Amino acid sequence: MKILAQRIFAAALALGLAFGMTACAPGNVVHLSYTSSQSNILPQPQAKRLAVVMFDDQRMNSAIGVRKDGASFTADSSVADWVGRAFAEELKSTGTQVSYAATLNQARNGRPDYILTGIVRELWVKENGPTSYTATIRVTLSLSNAKGVIYSENLTATQDRQSLPTSTALQSLLADTLRDLISPAMSKMRRYVDKK
């Protein structure tokens with residue numbers, strides 16, 4: 001009787017652990033969130049005004065990735081809006097007066113000194129194994145003033161990550177990959193925006 005009780009307990013424990021690991025595993029819907037790595041700086045009254053327009057989503061697939069079993073990862077919100085707002089958040093940390101617009105016409109109506117537009121070309125997460133993921137983001141940026149485009153660049157960032165399969169693992173991986181993509185563009189854009 002004692003052996004039977006131990007076997008039942010062991011089976012129940014194994015089953016409980018299996019359900020527990022499944023509950024922690026990332027689902028197929030990924031929450032997109034982004035927080036700037038820098039704190040925002042209040043702009044000076046004479047600071048340049050820059051409008052960020054929601055990026056254009058030109059990805060070939062509405063999914064944002066694939067699991068090892070072939071199931072798709074999807075985003076819980078607009079990828080184009082997430083990327084555009086992330087650029088706006090990082091620009092706020094430079095002391096620039098930043099606004100965010102849904103369309104180019106809306107941005108122009110505010111008469112900013114500069115307008116940042118962009119195209120999301122790729123955002124993809126691949127599950128390589130139960131604890132291994134690769135994320136890639138490709139974006140094209142254009143910074144314009146009243147005379148036209150003054151800076152344009154294609155940016156790509158890729159990260160491989162080994163992590164426990166939690167519900168926030170992919171969220172964190174995507175945010176960190178986007179941060180790696182934005183960081184080099186910030187210093188280049190500041191050269192134009194900070195000019196007197």
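Since the model is a prediction, treat every value here as computed from it, not as a measurement.

**Q** A description of the pattern of salt bridges should follow, citing residues and the corresponding values.
**A** This model, assessed by the stated rule, comprises eight salt bridges. Here Arg59 makes a salt bridge to Asp57, at a shortest N to O gap of 2.8 Å. By relative accessible area, which is 32% here, Asp57 ends up partly exposed. Where salt bridges share partners, they join Arg161, Asp176 and Arg179 into one cluster.

**Q** Can you tell me about the pairing of strand E7 (residues 114-129), naming the residues and giving the values?
**A** Across three bridges, strand E2 (residues 49-53) lies against E7 in parallel orientation. Of the residues in E7, the one forming a bridge with Leu50 is Tyr114. Relative to E7, strand E4 (residues 65-66) runs parallel, the two sharing two bridges. By the bridge assignment, Gly65 is partnered in E7 with Val125. The antiparallel hairpin formed by E7 and strand E8 (residues 132-145) contains two residues in its connecting segment.

**Q** I'd like to hear about the side chain of Thr177, residue by residue, with values.
**A** One can find Thr177 in helix H4 (residues 169-193). Apart from the residues within four sequence positions on either side, Thr177 is in contact with Ala135, Ile137, Ala157, Thr158 and Gln159.

**Q** Which residues make up the confidence of the model for the protein chain, and what values go with them?
**A** In the predicted model, the protein chain carries a mean pLDDT of 86, and the fraction of residues at 70 or more is 86%. With pLDDT under 50 throughout, residues 12-25 is counted as low confidence; its partners more than four residues away or in other chains account for seven contacts.

**Q** Account for the pairing of E8, with residues named and values stated.
**A** Most of E8 sits out of view: 12 of its 14 residues are buried. As defined by bridge partners, E7 adjoins E8 across 13 bridges and the pair is classed as antiparallel. Residue pairing in the sheet places Val125 in a bridge with Ala135 of E8. By the bridge criterion, 14 bridges tie E8 to strand E9 (residues 148-162) in an arrangement that is antiparallel. Paired with Val139 across the bridge in E9 is Leu155. Where E8 folds back on E9, the antiparallel hairpin that results is connected by two residues.

**Q** How would you sum up the packing of helix H2 (residues 79-92) against H4? Please name residues and give values.
**A** One can describe the packing of H2 onto H4 by two numbers: an axis separation of 10 Å at closest approach and a directional angle of 50°. With respect to each other, H2 and H4 are oriented oblique. Handedness of the crossing formed by H2 with H4: right-handed. Contacts between H2 and H4 pair Trp82, Val83, Ala86, Phe87, Glu90 and Leu91 from the former with Leu174, Ala175, Leu178, Arg179, Leu181, Ile182, Ala185, Met186 and Met189 from the latter.

How each quantity is defined
- Residues numbered from 1 in each chain as written.
- Predicted model: local features only at pLDDT ≥ 70, side-chain atom pairs only at ≥ 80, totals over all residues.
- Heavy atoms only, no water.
- Salt bridge = Lys/Arg side-chain N within 4 Å of Asp/Glu carboxyl O.
- Buried < 20%, exposed > 50% of the residue type's maximum accessible area, 1.4 Å probe, protein only.
- Pairing = 2+ DSSP bridges.
- Helix = DSSP H or I, 4+ residues; strand = E, 2+ residues; numbered from the N terminus.
- Contact = heavy atoms within 4.5 Å.
- pLDDT = per-residue confidence, 0-100.
- Axes fitted to C-alpha atoms, helices over the stretch in contact; angles between N-to-C directions.
- Parallel < 35°, antiparallel > 145°, perpendicular 65-115°, else oblique.
- Left-handed = near helix turned anticlockwise from the far one by under 90°.

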